[in-house]
Amino acid sequence: MDQAQNAADPNAALDDAKVFFLFPTCVWQHDLKPDDAQAIKATILPKIEELLTPREETMRDRVWQTHHDLHKLEEFAGLLGFVDLAADGVLKFLQVDYKDIEITGCWANVNPTGTDHHPHIHPNNFLSGVYYAQVPRDEDGLFLYDPRPQTSIISPKVRQVTDYTCNSKMMPIKEGRMFIFPAWLQHSVKITGGVGERVSISFNIMFTSFTQDYSPPRWRRRPSV
């Protein structure tokens, strides 16, 4: 009789139940102070426009991208100071034992209204990130995808979608917001809405001892010049 009562009473049977969050995928969000974000915007946007001039009209329905060496330009030093500070905090949180890190690639993305960017990863780096310098519409977002393909084998209905059951997540964006995440995490950009262009700065970070041969991006901006 006691066994039957215990079976019917979940509180009696699960008194010592615990939940362990194993193998998490961490994403870090940092919002710059408005004055800092405005100062960075005023400095980098004219430089990005200079780098993209003249723009290829055939690219108007796609994202414009600069070369991936913006971290070598003086105009981006202020922004990259915040990137370095954030990356150092991430690695301390993860308890990574390292000596030096460096940015292996940094480029601007200019999205006209109606453009997006397909799901992708940034290989041969430890961390990747994006900073939003100009956002015409706050409803736009950065999409992140569950890196565990096995979870889709069985996908039951849920009463409410949560971070524990979703297979993708839209991270709201705004001017002055930066995200840092594992470079292997697949991500994409929602179609740009609103009036004007969305301008973001993407970057990769790797341990210095790895960077010379493997970490620099393999792609070139379109058109290659």
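To start, this report covers the structure provided alongside it. (Residues numbered from 1 in each chain as written. Predicted model: local features only at pLDDT ≥ 70, side-chain atom pairs only at ≥ 80, totals over all residues. Heavy atoms only, no water.)

**Focus on the sheet that holds strand E2 (residues 64-65)**
Just so we agree on the cut-off: Pairing between two strands requires that DSSP report at least two bridges joining them. A run of DSSP states H or I qualifies as a helix once it reaches four residues; a run of E qualifies as a strand once it reaches two. Both are numbered from the N-terminal end. In what follows, a contact means two residues having at least one pair of non-hydrogen atoms within 4.5 Å. To get an axis, a line is fitted to the C-alpha atoms, and for a helix only the part in contact is used. The angle between two axes follows their N-to-C directions and goes from 0 to 180 degrees.
Read across the open sheet, the six strands follow the order E1-E8-E5-E10-E3-E2; overall the sheet is antiparallel. What marks the edges here is a single partner per strand, and that holds for strand E1 (28-31) and E2. Of the strands in this sheet, E2, strand E3 (101-111), strand E5 (127-134) and strand E10 (198-207) are in contact with helix H3 (residues 34-52), which crosses E5 at around 95°.

**Quick look at the side chain of Thr66**
Our working rule: Between buried and exposed lies partly exposed: a residue is buried under 20% and exposed over 50% of the maximum accessible area for its type, with that area taken using a 1.4 Å probe on protein chains only. In protein, a polar contact means a hydrogen-donor-capable atom and an acceptor-capable atom, both N or O and within 3.5 Å, with residues adjacent in sequence counting only if both atoms are side-chain atoms; elsewhere, any N or O pair within 3.5 Å suffices.
Along the chain, Thr66 turns up in the loop between E2 and helix H4 (77-94). Classification of Thr66 by relative accessible area gives buried; the value is 2%. There is a polar contact of 3.0 Å between the side chain of Thr66 and the backbone nitrogen of Ala108. Excluding residues that lie within four positions of it along the chain, Thr66 makes contacts with Ile48, Leu51, Leu52, Trp107, Ala108, Trp219 and Arg221.

**Brief notes about the pattern of salt bridges**
Using the following cut-off: By definition, a salt bridge exists where a carboxyl oxygen of Asp or Glu is found within 4 Å of a side-chain nitrogen of Lys or Arg.
Counting across every chain of the model gives eleven salt bridges. Salt-bridge contacts for Glu75 lead to Lys47; the nearest nitrogen and oxygen are separated by 4.0 Å. With Glu75 in the loop between E2 and H4 and Lys47 in helix H3, the pair connects residues that are 28 residues apart, well separated along the chain. The salt bridge partner of Asp140 is Arg198, with a shortest N-O separation of 3.3 Å. Of this pair, Asp140 sits in the loop between E5 and strand E6 (141-145) while Arg198 sits in strand E10; the two residues are 58 residues apart in sequence, bridging distant segments of the chain. The exposure class assigned to Arg198 is buried, which follows from its relative accessible area of 1%. A network of salt bridges, in which partner residues are shared, links Asp31, Lys174 and Arg177.

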